[in-house]
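Below are the chains, spelled out letter by letter.
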Amino acid sequence: MNAEPPLLLLALDLAGTFAFGLNGALTAVRAARLDIVGVVTLGMVTALGGGIIRDILIDSLPPATFGDWRYLAVAAASGLVAYALGRRLDRLAGPIIVFDALGLSLFAVTGASKALDYRLGIGQAVILGAITAVGGGTLRDVLIRRIPTVLYSELYAIPALIAAAITAVTVRTGVYGLPAAIGAAAVCFVVRLVGVRFGLNAPGPPGARGDVPGSGDRR
Amino acid sequence: MNAEPPLLLLALDLAGTFAFGLNGALTAVRAARLDIVGVVTLGMVTALGGGIIRDILIDSLPPATFGDWRYLAVAAASGLVAYALGRRLDRLAGPIIVFDALGLSLFAVTGASKALDYRLGIGQAVILGAITAVGGGTLRDVLIRRIPTVLYSELYAIPALIAAAITAVTVRTGVYGLPAAIGAAAVCFVVRLVGVRFGLNAPGPPGARGDVPGSGDRR
Amino acid sequence: MNAEPPLLLLALDLAGTFAFGLNGALTAVRAARLDIVGVVTLGMVTALGGGIIRDILIDSLPPATFGDWRYLAVAAASGLVAYALGRRLDRLAGPIIVFDALGLSLFAVTGASKALDYRLGIGQAVILGAITAVGGGTLRDVLIRRIPTVLYSELYAIPALIAAAITAVTVRTGVYGLPAAIGAAAVCFVVRLVGVRFGLNAPGPPGARGDVPGSGDRR
């Protein structure tokens, strides 16, 4: 279908898929207390959503998800691992936030670099990196009826845009590679976690306080 | 636009479109008490959503829906029929469940067989069959703000996966045809209805009991 | 990527993008009281959603949004303008409704005319015009968890269908041009505003009265 993707893109994409899969499935266990089918489904939607949206928008169809069995396998595996783990862990809020930040960081990098591979401009690649990064989590939130994190949390889209911008600039200047990719993802990851740690999120809508979960640990 | 699809695919696809259209429109009458425009709109989204998602993901664009006027005609007709019918029927819960199961079964078969026509692998075809089957209903639930059935009902995705798997195997072994297609759909249909009848659904999220309608008859 | 679009299509598309961007961002300020990132994000989703859905469905990928920097620039600018404005205005309900009607009207025209450019049939072009028109607002409503306007408001889809039909007929009869486009959009705009002014909306679902905001001015 599609040509074999570059190894670096594939590796980062699968790592992001795994992280978001764990996040989505743990969210299903914690926030909605779904059963195994629901847990694995929400894990797979979260894991694969961002990449599928990216591939549709850059006209790389069928999406990598369906052209390459490794994506489906990794996404399904992450859901099963999270289901097994989630029933044992006492506190899920920490891992959920960390895996979300990890997926966000990795997908911002892969989204921007793949968009440039498909000859989109730098500005578009940065936006597409951010869309890839926030896409899966947004689908997750819509399905379990939460206001998507990207709308009420200031430091969610911004670190993704930063990582995508670093990626796009390093690709264009020819210095992109494993170190640049990890550096860009690390910046996003740290900014996101610092934002969560120090409560730098923008306040949620006042009239809908109970609508914006995820700040406290309910479990 | 696209070449004329095989007759069997077309017939099953239109039957599934009609069943899901009735389901979506009756749901609009019952759950959300929408007016005629809303009823027909929700019917068409439910009817066409799964097939459109499938056609985007396998890169069969524009979707069959827009390349072939019969899809739009059948979807619109189903919405109008359901609107006329829904105002008369006393109890809608039964037909809603039956039409949903019917659409689910038919779209699992057409999704998997069309994915194989577009040269996707067996595993991918099975997943795509399930996505086609649950896609329209998931859009329906998101639009009227219910947690999608696929997330909380154990026996919703699983029968769709079974029907898609039977379809994929029979296509690959060369025995696919009307009997195999009907057999695969029938298995899904029966498993789904048995699950509903004997309450084999996974429990909904405890903290959100009112969020998961559809088990009792509110009308 | 794509060839340069006709000037008329581009101008109407950008005007619709700006109107919907203002609408989405003001909605974010008013209904959900989001912070600047959320406001600009919701503005961009509302502004770009309809056109992206249209371009996916007619197989014009990557969408104009990503092939032409002016779309992203206009969408981002509208979000920022609305953020600056929204904090000063006392009453937002009026502008929100007017900008929504404006975006609806312009996108119905561009959706139908672009679908015909891509050789779809007249019926399909009319439906695609309506989908383009209601797409961005539907994504907006789903993200902030409102029942989409298109489902409960009778005079929302219908004026969009009328404008799309006028556009399609004038394109096919060769009289399409700036006057025809503005005429079609004006009909939609007037019908929509008359509907809002005289309360011609269909009643929302009775059991969910609080779910259907937008009729009264809460600010």
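Up top you'll find the structure we're talking about.
In what follows, the accompanying structure is described. Bear in mind the structure is a predicted one, so any value in this text is a computation, not a measurement.

What counts, and at which threshold
Residues numbered from 1 in each chain as written. Chains lettered and ligands numbered in written order. Predicted model: local features only at pLDDT ≥ 70, side-chain atom pairs only at ≥ 80, totals over all residues. Heavy atoms only, no water. Helix = DSSP H or I, 4+ residues; strand = E, 2+ residues; numbered from the N terminus. Buried < 20%, exposed > 50% of the residue type's maximum accessible area, 1.4 Å probe, protein only. Contact = heavy atoms within 4.5 Å. Areas by Shrake-Rupley, 256 points an atom, 1.4 Å probe, with all protein chains shown as cover. Expected span 1.5 Å × (residues − 1). Arc of directions from axis to C-beta. Polar contact = N/O pair within 3.5 Å; in protein donor to acceptor, adjacent residues only side chain to side chain. Least-squares fit on C-alpha atoms with pLDDT ≥ 70 in both. Salt bridge = Lys/Arg side-chain N within 4 Å of Asp/Glu carboxyl O. Buried area = accessible area lost by both parts, 1.4 Å probe. Bend = angle between axes of the 7 residues up to and from the residue. Phe/Tyr/Trp six-rings, centres within 6.5 Å; stacked < 30°, edge-to-face > 60°. Nonpolar A, V, L, I, M, F, W, Y, C, P; charged D, E, K, R; others polar.

Before going further, it helps to spend a moment on the overall build of chain A. When helices and strands are tallied, chain A shows nine helices and zero strands. Walking chain A from its N terminus toward its C terminus, one meets helices and strands in the order α-α-α-α-α-α-α-α-α. Relative to its 219 residues, chain A shows a buried fraction of 58%. Within chain A, contacts between residues separated by at least 24 positions form 78% of all contacts whose residues are at least 6 apart in sequence. In the structure as shown, chain A presents an accessible area of about 8,100 Å², 67% of it carried by carbon and sulfur atoms.

Since the α-helix packs 3.6 residues into each turn, any two residues three or four apart lie on the same face. All names here are of chain C. With 20 residues, helix H9 (residues 178-197) should reach 28 Å at 1.5 Å per residue; the first-to-last C-alpha distance of 28 Å fits that figure. Of the positions making up H9, those classed as buried are Ala-180, Ala-181, Ala-184, Ala-185, Cys-188, Arg-192 and Gly-195. Projection of H9 onto a plane perpendicular to its axis shows the buried side chains occupying an angular sector of 130 degrees, all on one side. Exposed and oriented more than 90 degrees from the buried face of H9 are Pro-179 and Arg-197. Elements that come into contact with the buried residues of H9 comprise helix H1 (7-30), helix H5 (93-117), helix H7 (149-152) and helix H8 (154-172). Directly beyond the C-terminal end of H9, a positive phi value near 60 degrees is found at Gly-199.

On to the environment of Thr110(A). Residue and element names in this part refer to chain A. Considering the arrangement of structural elements, one finds Thr-110 in helix H5 (residues 93-117). Thr-110 gets classed as buried once you look at its relative accessible area, which sits at 1%. On a C-alpha basis, the gap between Thr-110 and Ala-163 in space is 9.9 Å, while along the polypeptide they are 53 residues apart. Setting aside residues up to four positions removed in sequence, Thr-110 forms contacts with Leu-9, Leu-12, Asp-13, Arg-54 and Thr-132. One polar contact links Thr-110 to Arg-54, side chain to side chain, over a distance of 3.4 Å.

Another aspect to go through is the relation of the copies chain B and chain C. In summary, the two copies of the chain are related to each other by a rotation about an axis coupled with a shift along it. When chain B is fitted onto chain C, the two copies agree to an RMSD of 0.0 Å after a turn of 120 degrees and an axial shift of 0.0 Å. Such a turn and shift between the copies fits a three-fold axis. Interface residue correspondence from chain B to chain C reaches only 16%, placing this contact among heterologous pairings that use different surfaces.

Here the focus is the pattern of salt bridges. One pass over the full model with this rule turns up 21 salt bridges over all chains. A salt bridge links Arg70(A) to Asp68(A), with the nearest nitrogen and oxygen atoms 3.0 Å apart. Classification of Arg70(A) by relative accessible area gives partly exposed; the value is 27%. Of the residues examined, Asp68(A) reaches a relative accessible area of 10% and is grouped as buried. Ionic pairing is found between Arg54(B) and Asp13(B), a salt bridge with its closest N-O pair at 3.1 Å. With Arg54(B) in helix H2 (residues 36-57) and Asp13(B) in helix H1 (residues 7-30), the pair connects residues that are 41 residues apart, well separated along the chain. Here the two residues Arg54(B) and Asp13(B) agree in accessibility, since each one is buried.

So, on to the side chain of Thr149(B). Residues and elements named next belong to chain B. Structurally, the position occupied by Thr-149 is in helix H7 (residues 149-152). Since its relative accessible area comes to 9%, Thr-149 is described here as buried. With residues up to four places along the chain from it excluded, the contact list for Thr-149 reads Arg-140, Asp-141, Tyr-156 and Arg-192.

A few words on the interface of chain C and chain A. By a frequent convention, interface size equals the accessible area lost on bringing the separate parts together. Listed as interface residues are 25 residues of chain C and, on the opposing side, 29 residues of chain A. Of the roughly 2,100 Å² buried where chain C meets chain A, counting both sides, 72% is carbon and sulfur surface. Between chain C and chain A we count one residue pair in polar contact (both at pLDDT 80 or more) in total. Of all the secondary structure elements, the ones that give two or more residues to the side of chain C that touches chain A are helix H2 (36-57), helix H3 (64-67), helix H4 (69-86) and helix H6 (122-143) of chain C. The greatest single-element share of the side of chain C that touches chain A, amounting to eight residues, is contributed by H2(C).

This paragraph deals with H2(B). Residue and element names in this part refer to chain B. In this model, H2 (22 residues) spans 31 Å end to end at C-alpha, consistent with the 32 Å of a helix rising 1.5 Å per residue. Along its length, H2 reaches its greatest deviation from straightness, about 40 degrees, at Leu-48. Judged by how many residues are buried, H2 sits mostly within the fold: 19 of 22 residues are covered. Positive phi appears at Asp-59, one or two residues downstream of H2, with a value of about 60 degrees.

We now examine the environment of Leu106(A). Residue and element names in this part refer to chain A. Looking at the element boundaries, Leu-106 is found in helix H5. Leu-106 sits in the buried class, given a relative accessible area of 12%. The spatial distance from the C-alpha of Leu-106 to the C-alpha of Ala-186 is 8.8 Å, given a sequence separation of 80 residues. In this view, Leu-106 contacts Leu-12, Ala-15, Gly-16 and Ala-185; residues no more than four positions away in its chain are not counted.

This part is about the relation of the copies chain C and chain A. When chain C is fitted to chain A, the residual RMSD is 0.0 Å, and the transformation amounts to a turn of 120 degrees plus an axial shift of 0.0 Å. In this assembly, only 16% of the residues forming the interface of chain C have copies in chain A that are likewise at the interface, indicating a heterologous arrangement.

Residue and element names in this part refer to chain A. Applying the stated rule across the entire model yields three aromatic pairs over all chains. With a centroid separation of 5.4 Å and an interplanar angle of 55 degrees, the aromatic rings of Phe-20 and Phe-107 are classed as tilted. Of the two residues, Phe-20 is situated in helix H1 (residues 7-30) and Phe-107 in helix H5; the sequence distance between them amounts to 87 residues. Of the two residues, Phe-20 and Phe-107, both sit in the buried class.

Attention shifts here to the interface of chain B and chain C. If you look at the interface, chain B gives 25 residues, while chain C gives 29 residues. For the chain B face of the interface with chain C, the top three residues by lost area are Val37(B), Phe66(B) and Arg145(B), together amounting to 31%. Our enumeration of links across chain B and chain C arrives at zero salt bridges. On inspection of chain B and its partner chain C, the count reaches one residue pair in polar contact (both at pLDDT 80 or more). Going through the elements one at a time, H2, helix H3 (64-67), helix H4 (69-86) and helix H6 (122-143) of chain B are the ones with two or more residues in the side of chain B that touches chain C. Looking at which element gives the most residues to the side of chain B that touches chain C, the answer is H2(B), with eight residues. Its residues assigned to classes, the side of chain B that touches chain C shows 18 nonpolar, three polar and four charged.

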